[in-house]
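Structure assessment
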Amino acid sequence: MRENTGPHQVAVIPGDGIGLEVIEAALAVLRATRVPLEFQRYQAGDECLKKQGAALPPATLAGALAAEAVLFGAVGDTAAEVILRLRRELNTFVNLRPTRAFPGVDCLYPELKLVIVRENTEGLYGGLENEITPGVVTAMRVITQRASERIARFAFEYALRNGFGQVTAIHKANVLQKSDGLFLRAARAVAAEYPQIGYQEALVDSTAMNLVLRPERFQILLTPNLFGDILSDLVAGLVGGLGLCPSANLGDDHALFEPVHGSAPDIAGQNIANPTAAILCGAMLLRHFGELPSAEWVEKALEGTITAGQTTSDLGGSLSTTEMTQIGRAAWRERA
Ligand code: NAI
Ligand code: MG
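Residues numbered from 1 in each chain as written. Chains lettered and ligands numbered in written order. Predicted model: local features only at pLDDT ≥ 70, side-chain atom pairs only at ≥ 80, totals over all residues. Heavy atoms only, no water.

Our focus in this paragraph is the overall build of the protein chain. When helices and strands are counted, the protein chain shows 11 helices and 12 strands. Against the 2.2 N^0.38 benchmark of 20 Å for 336 residues, the protein chain shows a C-alpha radius of gyration of 20 Å, consistent with a compact globule. For the protein chain, the spread of C-alpha atoms along the principal axes amounts to about 55 × 45 × 45 Å. Contacts in the protein chain between residues at least 24 apart in sequence constitute 73% of all its contacts with a sequence separation of at least 6. Put simply, the protein chain shows about 14700 Å² of open surface, and 52% of that area lies on carbon and sulfur atoms. Within the protein chain, one finds 29 positive and 37 negative side-chain charges whose respective centroids are separated by 3 Å. (Helix = DSSP H or I, 4+ residues; strand = E, 2+ residues; numbered from the N terminus. Rg over C-alpha atoms; globule rule 2.2 N^0.38 Å. Contact = heavy atoms within 4.5 Å. Areas by Shrake-Rupley, 256 points an atom, 1.4 Å probe, with all protein chains shown as cover. Lys, Arg positive; Asp, Glu negative; His and termini not counted. Charge placed at Lys NZ, Arg CZ, Asp CG, Glu CD.)

Listed below in structure tokens is the structure:
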């Protein structure tokens, strides 16, 4: 993060569908904290492509690169052109997805706390697809020693700093012997440097089953890009849905915060999307700027709101996005 004496500069990219609605909610809560933040809005996504002819216009990319942090909503079918490109351009090599259950939410695992640390720059997400002849398409899966080591080190450091005792490397090295073999070797080498943190390895397919049957076996899942994407939606399902799950894309020079969910066209425009994931992204952004008390208050206010059953319909409540946000915001004000 660069030196800054004035307000923190945050680029806001709401995107499409419920991205617009949940980012409004996150901004309302962030403003209520009175932490000095300056928001600059940018366009991206499906609608932007229609209007401006580009899903990620140069001004948006430049704004994201210049800002101290980015708050991103979601885009629709242009996700590969927008969010994957942003992650690459900002060199955010970590995709951090902390998931927790909230008291009072009817879900499979009301006590669950689990973190996915997903490699964010390579794997199958490099956009290296090729139609070699009509009817035959290849996709290149790139795994490098450098990126694997870097993400493994982040997972162990995160475990250390946040009181976790174990990291599980997720792989399919029985089939993808060379690529996931390399990923595992890098993870093992890093694990050896952290004897105080337990280390285990698990195949991605059986992990999908074990996450449903006995998720308490896991604390931090260290994954290549695609597996982390898929398993994080599975984990969301264990705690009550995608409306609850935030994420941070982190690199040496940039940070981009976004809900795990997409633009949800099935509920977009109805003011019924759960704003929790986006508001938790706001809390992660506050933490990133070292504003720990404000971040904690936002999380506590949200928890109080959810525990009191004052939620959107995905969690069984009857509130709109804006109503839930206002109640959470009022709870924050009382605390403050
Ligand atoms: P999705 O995450 O948008 O929705 C999956 C399901 O979860 C839907 O039934 C939706 O209504 C529900 N849901 C998601 N967020 C919710 C919230 N905050 N509150 C209540 N319910 C919520 O994933 P889907 O349907 O697979 O993709 C829709 C579009 O989003 C696609 O065009 C996809 O490319 C895009 N997408 C974009 C992402 C991004 O911008 N980072 C990430 C994932 C998908
Ligand atoms: Mg996903």
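Having seen the model, we can carry on.
The subject of this paragraph is the nonpolar core. Formed by 86 residues in total, the largest nonpolar core has its most connected members in Leu-71, Leu-96, Val-117, Ile-220, Leu-222 and Phe-257. Excluding its chain neighbours within four sequence positions, the residues that come into contact with Ile-220 are Val-115, Val-117, Ala-155, Tyr-158, Ala-159, Phe-164, Gln-166, Val-167 and Thr-168. Residues Ala-44, Ala-64, Ala-67 and Leu-86 belong to the second largest nonpolar core, which totals 17 residues. (Core = buried A, V, L, I, M, F, W, Y, C linked by side-chain atoms within 4.5 Å. Buried < 20%, exposed > 50% of the residue type's maximum accessible area, 1.4 Å probe, protein only.)

To continue, consider the packing of helix H5 (residues 145-161) against helix H6 (residues 179-192). In contact at an axis separation of 8 Å, H5 and H6 are set at 40 degrees when each is read in the N-to-C sense. In terms of their interaxial angle, H5 and H6 are classed as oblique. Note that H5 runs across H6; the crossing there is right-handed. Contact residues: H5 offers Gln-145, Ser-148, Glu-149, Ile-151, Ala-152, Arg-153 and Phe-156, while H6 offers Leu-182, Phe-183, Ala-186, Ala-187, Val-190 and Ala-191. (Axes fitted to C-alpha atoms, helices over the stretch in contact; angles between N-to-C directions. Parallel < 35°, antiparallel > 145°, perpendicular 65-115°, else oblique. Left-handed = near helix turned anticlockwise from the far one by under 90°.)

Burial analysis of strand S1 (residues 8-15) places 7 of its 8 residues in the buried class, the great majority of the element. In this view, the connection linking S1 to its parallel neighbour strand S2 (residues 37-41) by way of helix H1 (residues 18-32) has right-handed handedness. Examined bridge by bridge, S1 and strand S3 (residues 69-74) share 5 bridges and lie parallel to one another. Each residue of the ladder has a partner; that of Val-12, found in S3, is Leu-71. (Right-handed = clockwise from strand over helix to strand, strands pointing away. Pairing = 2+ DSSP bridges.)

This part covers the pattern of salt bridges. Where charged atoms of side chains with opposite charge meet at close range, the side chains can pair. One pass over the structure, following the stated rule, counts 12 salt bridges. Salt-bridge contacts for Arg-100 lead to Glu-303; the nearest nitrogen and oxygen are separated by 3.2 Å. Within this pair, whereas Arg-100 is found in strand S4 (residues 94-100), its partner Glu-303 is found in helix H10 (residues 292-307), the two being separated by 203 residues in sequence. Across the pair Arg-153 and Glu-193 runs a salt bridge whose closest N-O atoms are separated by 2.7 Å. Of this pair, Arg-153 sits in helix H5 while Glu-193 sits in the loop between H6 and strand S9 (198-203), placing them 40 residues apart in sequence. A relative accessible area of 29% places Arg-153 in the partly exposed class. (Salt bridge = Lys/Arg side-chain N within 4 Å of Asp/Glu carboxyl O.)

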